[in-house]
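Letter by letter, the chains look like this.
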Amino acid sequence: MTVETFSSDFIARLRHSRGVDLETASQNDLYSALAWTVRKNLIDRWLETKKTQAAQKAKVVAYLSAEYLLGAQLNNMLLASGLEQTARDAMASLGLDFDKLASVEVEPGLGNGGLGRLAACFVDSLATLDIPAIGYGIRYQHGIFRQTFVDGRQAEQPDNWLELGSPWELPHPEASVTVRFGGSVAHATSATGEDVATWTPSWEVEAVPYNYLVPGYGTANVNSLRLWSARATQSFDLQIFNSGDYEAAVRAQTFAENISQVLYPEDSTPQGKELRLQQQYFFVAASLRDMIEQVGTSLDALRTLPERVVFQLNDTHPVIAIPELMRLLVDEYSVAWDEAWDITRSVFNYTCHTLLPEALEVWPVELLGRLLPRHMEIIFRINDDFIAELREQRPHDELLVRRMSIIQEQPLRAVRMAHLATIGSTKVNGVAALHSELLKDKVLVDFSNLWPGKFTNVTNGVTPRRFVKLANPGLSSLIDEAIGTGWVKDLSELRQLEPLAEDAEFRARFRDVKYANKVRFAKVLQERDGIEVSPDAIFDVMVKRLHEYKRQMLKLLHVVSLYDRVLKGDFDPTTLTKRVVLFGAKAAPGYLMAKEIIALINAVGKTINSDPRLDGRLRIAFPANYNVTLAEKLIPAADVSEQISLAGKEASGTGNMKFALNGALTIGTLDGANVEIRELVGEDNFFLFGLTEPEVEQLQSAGYQSAKYYESNPALRGAIDLIASGAFSNGDRSAFERVVSDLLWHDRFLVLADFESYIEAQSTLESAYADQDAWSRAAVLNVARSGFFSSDRSIRDYLDRIWHAPAVPLR
Ligand code: AZC
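All values reported here derive from a predicted model rather than from experimental measurement.

Asker: I'd like a rundown of the packing of helix 23 (residues 552-567) against helix 30 (residues 714-724), residues and numbers included.
Answerer: Relative orientation of the contacting elements helix 23 and helix 30 amounts to 90 degrees, with a least axis distance of 8 Å. In terms of orientation, helix 23 and helix 30 fall into the roughly perpendicular class. Residues L557, V560, S561, Y563, D564 and L567 of helix 23 pack against A715, L716, G718, A719, I720, L722 and I723 of helix 30. The residue makeup of the contact of helix 23 with helix 30, split by class, is ten nonpolar, two polar and one charged.

Asker: Can you explain the pairing of strand 4 (residues 133-138)? Please cite residues and give values.
Answerer: Burial runs high along strand 4: six of the six residues are buried. Alternating residues of strand 4 divide into A133, G135 and G137 and I134, Y136 and I138, and every residue in both groups is buried. Taken together, the four bridges between strand 1 (residues 60-64) and strand 4 define a ladder with parallel strand orientation. Note that in strand 4 the partner of V61 across the bridge is A133. Here five bridges tie strand 4 to strand 12 (residues 222-232), and the two strands are oriented parallel to one another. Looking at strand 12, one finds that I138 is bridged to W228.

Asker: How would you sum up the packing of aromatic side chains? Please name residues and give values.
Answerer: Here the structure, examined in full by the defined rule, presents 20 aromatic pairs. Taken together, a centroid distance of 5.8 Å and an interplanar angle of 50 degrees make the contact between F386 and W451 tilted. In this pair, F386 sits in helix 15 (residues 373-393) while W451 sits in the loop between helix 19 (445-450) and strand 19 (455-457), placing the two residues 65 residues apart along the sequence. Taken as a pair, F386 and W451 share a single burial class, namely buried. A ring pair is formed by F689 and Y758, whose centres lie 4.8 Å apart and whose planes are at 50 degrees; its orientation type is tilted. You can see F689 sitting in the loop between strand 25 (687-688) and helix 28 (693-701) and its partner Y758 sitting in helix 32 (residues 751-770), a full 69 residues away along the chain. Residue Y758 is classed as buried on the basis of its relative accessible area, which comes to 0%.

Asker: Hey, could you go over a negative patch on the surface for me, with residue numbers and the actual values?
Answerer: A cluster of like negative charges, contributed by E194, D195, D338, D342, D384 and D385, occupies part of the molecular surface. Elements with a contribution of two residues or more to the negative patch: helix 13 (337-347) and helix 15. Residue placement: D384 occurs in helix 15.

Asker: Before we move on, can you summarise the site of the ligand with the specific residues and values?
Answerer: Around the ligand there are 14 residues in total, and H353, N460, E650, S652 and G653 lie nearest to it. Between the ligand and A651 there is a distance of 3.3 Å, counted from an oxygen atom to a backbone nitrogen or oxygen. A distance of 2.7 Å separates an oxygen atom of the ligand from a polar atom in the backbone of G653. Considering only residue class, the shell around the ligand consists of five nonpolar, seven polar and two charged. No fewer than three residues from each of domain 1 (56-71 + 107-459 + 797-803) and domain 2 (464-789) sit in the shell around the ligand.

Asker: Talk me through the side chain of Q154; I want residue IDs and the actual numbers.
Answerer: As for its position among the elements, Q154 is in strand 6 (residues 153-157). One polar contact links Q154 to Q147, side chain to side chain, over a distance of 2.9 Å. With sequence-adjacent residues up to four places away left out, Q154 is seen in contact with F145, Q147, T148, F149, K586, A587, K595 and I598.

Asker: Please give an account of the sheet that holds strand 15 (residues 362-364) that cites residues and values.
Answerer: The strand order across the open sheet built from three strands is 15-17-16, with neighbouring strands paired in antiparallel fashion. At either margin of the open sheet sits one strand with a lone partner, and together these are strand 15 and strand 16 (407-408). Sheet analysis places strand 16 next to strand 17 (residues 414-416), joined by two bridges and oriented antiparallel. Residue pairing for strand 17: Q408 is matched across the bridge by A414.

Asker: Please set out the domain arrangement of the chain residue by residue, giving values where relevant.
Answerer: The extent of an interface is frequently quoted as the accessible surface area lost upon association of the parts. Taken domain by domain, the chain comprises domain 1 (56-71 + 107-459 + 797-803) and domain 2 (464-789). In this structure, domain 1 and domain 2 have C-alpha centres spaced 35 Å apart. Counting residues at the interface gives 42 residues for domain 1 and 47 residues for domain 2. At the boundary of domain 1 with domain 2, total buried surface from both sides reaches about 3,400 Å², with 56% on carbon and sulfur atoms. Where domain 1 touches domain 2, the interface holds six salt bridges. In this structure, E358 engages R748 in a salt bridge whose closest nitrogen and oxygen atoms are separated by 3.9 Å. Across the contact surface, domain 1 and domain 2 share 19 residue pairs in polar contact (both at pLDDT 80 or more). Only helix 6 (114-128), strand 5 (146-150), strand 6 and helix 18 (433-443) provide two or more residues apiece to the side of domain 1 that touches domain 2. For the side of domain 1 that touches domain 2, the element with the highest residue contribution is helix 6, accounting for seven residues. Tallied by class, residues from the side of domain 1 that touches domain 2 come to 16 nonpolar, 16 polar and ten charged.

About the thresholds
- Residues numbered from 1 in each chain as written.
- Predicted model: local features only at pLDDT ≥ 70, side-chain atom pairs only at ≥ 80, totals over all residues.
- Heavy atoms only, no water.
- Axes fitted to C-alpha atoms, helices over the stretch in contact; angles between N-to-C directions.
- Helix = DSSP H or I, 4+ residues; strand = E, 2+ residues; numbered from the N terminus.
- Parallel < 35°, antiparallel > 145°, perpendicular 65-115°, else oblique.
- Contact = heavy atoms within 4.5 Å.
- Nonpolar A, V, L, I, M, F, W, Y, C, P; charged D, E, K, R; others polar.
- Buried < 20%, exposed > 50% of the residue type's maximum accessible area, 1.4 Å probe, protein only.
- Pairing = 2+ DSSP bridges.
- Phe/Tyr/Trp six-rings, centres within 6.5 Å; stacked < 30°, edge-to-face > 60°.
- Patch = residues over 30% accessible without salt bridge, like charges linked within 9 Å, V, L, I, M, F, W, Y side chains within 5 Å.
- Areas by Shrake-Rupley, 256 points an atom, 1.4 Å probe, with all protein chains shown as cover.
- Salt bridge = Lys/Arg side-chain N within 4 Å of Asp/Glu carboxyl O.
- Lys, Arg positive; Asp, Glu negative; His and termini not counted.
- Charge placed at Lys NZ, Arg CZ, Asp CG, Glu CD.
- Near = heavy atom within 4 Å.
- Polar contact = N/O pair within 3.5 Å; in protein donor to acceptor, adjacent residues only side chain to side chain.
- Domains from an automatic or database assignment.
- Buried area = accessible area lost by both parts, 1.4 Å probe.

Structure representation (structure tokens):
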């Protein structure tokens, strides 16, 4: 496509789809027309992909995920279509500023954090590897809330990403699927003596599919992401309308459409939980129906399901798919129970993303039974069969039965979704080597004893397209020049950079790229948030959801203790290494402690940033509303990556991988994928600190008392006392009382126990930073040795260990 054809397409779009011309177009008109012009160039490939995959009856990977944290689309679509320069030139030829137009896009924030971003990386890699795959999820009207700070405290604003429409989606209301809820179940016995269940639901909604293109990189393949939006069914409305009760009709509509209104925030309050279960069933029921219709609903076709599709359950959110498939097979297509169970168990696999017991979903039997009565029965039967089998294999162990049952009895009768997932899946995987071990040996130990072959590991990865190629153009060109461009599709090629770590000139150029990225980010921060940072400082970055186990508090105590020592005249502030500590973190709206910590970070920032004694050598920058768009600018600019969770708590982490790939050095614990990062980049190029997972266990079972650390470590005591003194709250000693007392009396994540070791690692890090050339060497080695963390590699591991779905390249 030439610049001229691009321009004329663009103008045509503007006129024919937006009804405006260049003179009258708004920024949104221009952006939409630009997006459409780009999209047009991918549509033929997309249609061709669908045709080829269908013709070959290829096995499809169906990724079921309640979240996709996609990030901006335009840049990625341009990369995939190879049109970036053309689009830029075309806009310039029309007197338009491409970057300004691109910035109109509001990213679809349809995820909370790591899990949702992982799903987005995975669909990218699946497309790039030519795997027939479809991502299924929910088209939330409002994605993750927009975070603002009011007096330093988090305030949540609705995310209106669809306010101006989205040019990337293709809705197909005519292909809607009806999803039913509630009601009751009747049973009869068939002529052959089989139980026949008839579910009479009490209400229903339409699931309207919206398709999104997922283009592969360096291939013609374009896969789909299908997100479902809820719409009230017409018949439902009409009845009420006809009875003359318009208000009730509107209420009914609102009720139904609420299902896809908002992304459920993690760790929230119980209210709204019912809505969350509705969401889960809603998208899963629509997706299964969609997939099964593609395979065919005759008995013969259904029997081929295991060869035609594999469903990956992204955490427990979609696990209701297991009883739903059983219901479809048994109740709707009259497959015998045992055969249906064999089919079901062979098409599902489950990925667990957590180690926190409180994060494992359970649904009260009362709620699930009310919302999905037939599913509740099916779950009971699956459980009965499972327990019978268990009693045969492990006689006289009723405690084991109670531990493994899908139904928990105390404190409330509830369905353990992780158990249902494990029982109903072929494979269960964790997301980093350590995590998978702990999953096997702790969280699901009874199951791994029973079925050792069921458990496997697939270490997470991130897409090199978005997080290196697009986010870090400076580094990308440097790499291209050094080793060619193959790395974007085969990230293991980064290894070839290793010898260049010994090349002083390369190191200098690498340093220049980092510096330029810091300048670029400083500018973004200035424009976006009015925050000023100096690119000459260390950019010490901790960005991730705010969670106590991730230990933003530990980072903050480090800062406060430095400040405290300056105040006490312990050292001359002019000898401080110039440092900007960058935080980015959203707290779940109902997670009060997390919100307190945010307020404290901002309060400390306010005080130290304006204290002339520090002479600007130590600053905190906490831009609000950290999201994928900001990450793409921030990660390439980072010097230090903070991965400081308590060992045994972070399943994997994926930010840690993005930073290493962009040449930041990690300071971290032996947790999640940090373990593998350190092994690969080399212990000399990683700042390790903290207790190991077994040490954590030991300390906790010996009766951990954080106050002892407070008493025995003056630097720590100084920092905590300074917070308690009201130094960051205008003398108000009560302001951060909860945070302080939690640290002293309920330090669940051993912040105080790891403090000393962390401070030591920080001072090692500062000395290392002082030798810029040696630092650059380590940074280059981080990049060269992190190729393993490509999501392409993760997907290959899923294919080898779990999915066994061959690639279907387009001609
Ligand atoms: C996260 C894990 O906390 C993180 O360690 C991991 O890297 C990521 O999944 C991807 O596997 N879990 C979540 O984000 N969980 C939810 C519910 O959002």
